[in-house]
Amino acid sequence: MREEMARREAAELQRGHRRPRSPRGWGLLAALWLLAFYEPVVTEGHLRRKNLEFLFVRFSAWEFAGCDKLWAGLVTTLCHHVRRHFGALPLSVFHVLGSRPRFASGFSQREWVLKKGACLRLWGLLLVLAAGLAVLLVALLVPGVKEHRALKVVGSAAASLSGSSLLLGALSVLKNLVVSEKKKIERLTNSDRFAGQLGFMSKVRGEVEVLVDFLAFMEVFERRRLRVVLEITGLDLCYPEKAAGVFNAMATLLSDANAPFIFLLAVDPSVIVPCLEQAGCMRGLADNGYLYLSRAVSLPFSIPETGARSRLRSVQAAIQTREDLMYRIIAGNVAKSRGAGGVPGWKEADSEAVAWIHEAFRCLHDGSDVLSGYLPDNGASVRRIVNTVPITLRLLLHRSGGAGVASPRAAAAWVVLADRWPCRLSWTLQCLEDAGQSVPAPAPADAAGRSLWSIFRENAGELSALRQPLGKVLSLDGDPELFQAFLARDFPFSAAEAREFLGVTVNLDHSIRRQMGLLRGLGRL
């Protein structure tokens, strides 16, 4: 969007149009002068302008999840960013003296029309003030007129009335300068009578309308179109009623056909649809959440499957956040360069762990390694894997003492397996545990040499029979065909390797396995 802004700006300048201006420096004085004495006019030339400016507003719904009204947080964030972008003084003066642009009659190119009424009132007040002060000074200073009390009363009354009118205007500007739109809305929401305020929504709507009129004024002043882009994230982490309130606020802001707002709604439909259907305030409107989303969203964009190159970039970005590993390498190199004597113990073990961790990260980031093809598309899942691999390898080295330890690549593959298919892996491990406890017990050599895939395949029918009580856990798993390719072809873990990794597996919820064991036990009663 920023590239589009720059391209359109350059194209407008090449056409010979006037350069845009901003309300800063000398432009601030020009904006205040036009706000006070001129009325903006939307001409045909303004409608033909292609250059525009985007005002980006980031709204994380999770930050306002504790508010009674989440949508009020959206409106206050919008008001705060617009006020900060243009400055408090122009917006405060617009509250008192500004007016919404009107459309030109015919093909007139005049963008500013003098406010004759406002100018006449101002000149009238100044004349009355000057006349009142003159009469008052004459009544106070001229020797022969000092005794005429009527002149003093007339002069002081004229000066007081005109001066108070001018002072009230200045105080109104000062009040709006001190008390922002955000504070006004927060004051309304913090009131004890908030739930019973009948005109609350109308007051909020009034503040939004003033904001929209101000943006329309600034469009004519800056000689370009303005669009406020609100990026809404974290909505699928909030309660259903609050998520529905944000949708209502979006509908309120977009109710005006000329509203300069663009909403970028980043949500997971599988999470937000049940929220809309469960919200009490959406009964009858969002009984079908998918249908409601299709009506509310004008340009749906479902992020496509991540390619191999993008997935590797995500892994690299997650690895670069592990500053603790980089620090340990630098500190070790400094110690070696200074010739420091090595103390046996944790330093050697730590350096070995760092080397193993880097080898595991190299396998994850290597595009030619088959392991990189199993990485998830979700960036949060990639970061979770990158954060889990160092812990798993350190625990593995600590438990074994460095003897007979599986390779770093195998450990990284096990972490990926536990993250991508937690339900199927838990089921396989539970079946392996139950087989070892059965009577008569199988031969240790046969049990240790069996592959995890053969164990899963033998018990897949029983898992299918339990898909109703385990439905929510099964939804956590990735593609079943990839699971088969992972265990049967690319990483054929044996039962012995699984028992070795199970003691250091920290990214697998062991309560899932306990629930599966309980269901298997109940089924065999």
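Residues numbered from 1 in each chain as written. Predicted model: local features only at pLDDT ≥ 70, side-chain atom pairs only at ≥ 80, totals over all residues. Heavy atoms only, no water.

**Q** Before we go on, may I ask you to explain the pairing of strand S6 (residues 261-265) in this structure?
**A** Sheet faces and side chains relate simply in a regular strand, where the side chains alternate between the two faces. With five bridges connecting them, strand S5 (residues 225-233) and S6 associate as parallel partners. Looking across to S6, one finds that Glu231 is bridged to Leu264. Handedness of the β-α-β unit built from S5, helix H10 (residues 240-253) and S6 comes out right-handed. (Pairing = 2+ DSSP bridges. Helix = DSSP H or I, 4+ residues; strand = E, 2+ residues; numbered from the N terminus. Right-handed = clockwise from strand over helix to strand, strands pointing away.)

**Q** What am I meant to see in a nonpolar patch on the surface here?
**A** Together, Leu89, Leu167, Leu168, Leu171, Leu174, Leu177 and Val178 give the surface a local cluster of nonpolar side chains, amounting to about 610 Å² of exposed area. Examining the composition of the nonpolar patch, we find that six residues originate from one element, helix H7 (residues 149-178), more than from any other. Here Leu89 shows up in helix H5 (residues 88-97). (Patch = residues over 30% accessible without salt bridge, like charges linked within 9 Å, V, L, I, M, F, W, Y side chains within 5 Å. Areas by Shrake-Rupley, 256 points an atom, 1.4 Å probe, with all protein chains shown as cover. Salt bridge = Lys/Arg side-chain N within 4 Å of Asp/Glu carboxyl O.)

**Q** Would you mind showing me how to read the pairing of S5 here?
**A** Two elements, strand S2 (residues 52-60) and S5, share nine bridges in a ladder whose sense is parallel. Of the residues in S5, the one forming a bridge with Phe56 is Val229.

**Q** Looking at this structure, I do not really get the sheet that holds S5. What am I missing?
**A** Two orientations exist for strands paired in a sheet by backbone hydrogen bonds: parallel and antiparallel. The sheet built from three strands is open, its strands ordered S2-S5-S6 with parallel pairing. Only two strands of the sheet have a single partner each, and these edge strands are S2 and S6. Between one strand and the next, the sheet's axes are offset by a mean angle of 20°, whatever the strand orientation. In the packing of H10 onto the sheet, the strands contacted are S5 and S6, and the crossing angle to S6 comes to about 155°. (Axes fitted to C-alpha atoms, helices over the stretch in contact; angles between N-to-C directions. Contact = heavy atoms within 4.5 Å.)

**Q** Explain the confidence of the model for the chain here, please?
**A** Interpreting fine coordinate detail is not advised for predicted regions of low pLDDT. Summing up the model confidence of the chain, the mean pLDDT is 80 and the portion of residues at 70 or higher is 82%. Predicted confidence for residues 340-344 stays below pLDDT 50, and this span has three contacts to residues more than four positions away or in other chains. (pLDDT = per-residue confidence, 0-100.)

**Q** Looking at this model, I keep getting lost on the environment of Ser165. Mind explaining?
**A** Mapped onto the fold, Ser165 is located in helix H7. Along the backbone, Ser165 and Leu125 are 40 residues apart, and their C-alpha atoms lie at a distance of 7.9 Å.

**Q** Before we go on, may I ask you to explain helix H18 (residues 422-436) in this structure?
**A** For the α-helix, the turn length of 3.6 residues means that residues three or four positions removed from each other point alike. Compared with the 21 Å implied by 1.5 Å per residue over 15 residues, the 21 Å span of H18 between its first and last C-alpha is a close match. Counting buried positions over the 15 residues of H18 gives 12, a clear majority of the element. Among the residues of H18, those classed as buried are Pro422, Cys423, Arg424, Leu425, Ser426, Trp427, Thr428, Leu429, Gln430, Cys431, Leu432 and Asp434. Those residues of H18 that are buried lie in contact with helix H17 (408-420), helix H20 (452-465), helix H21 (471-474), helix H22 (480-490), helix H23 (495-502) and helix H24 (510-523). (Expected span 1.5 Å × (residues − 1). Buried < 20%, exposed > 50% of the residue type's maximum accessible area, 1.4 Å probe, protein only.)

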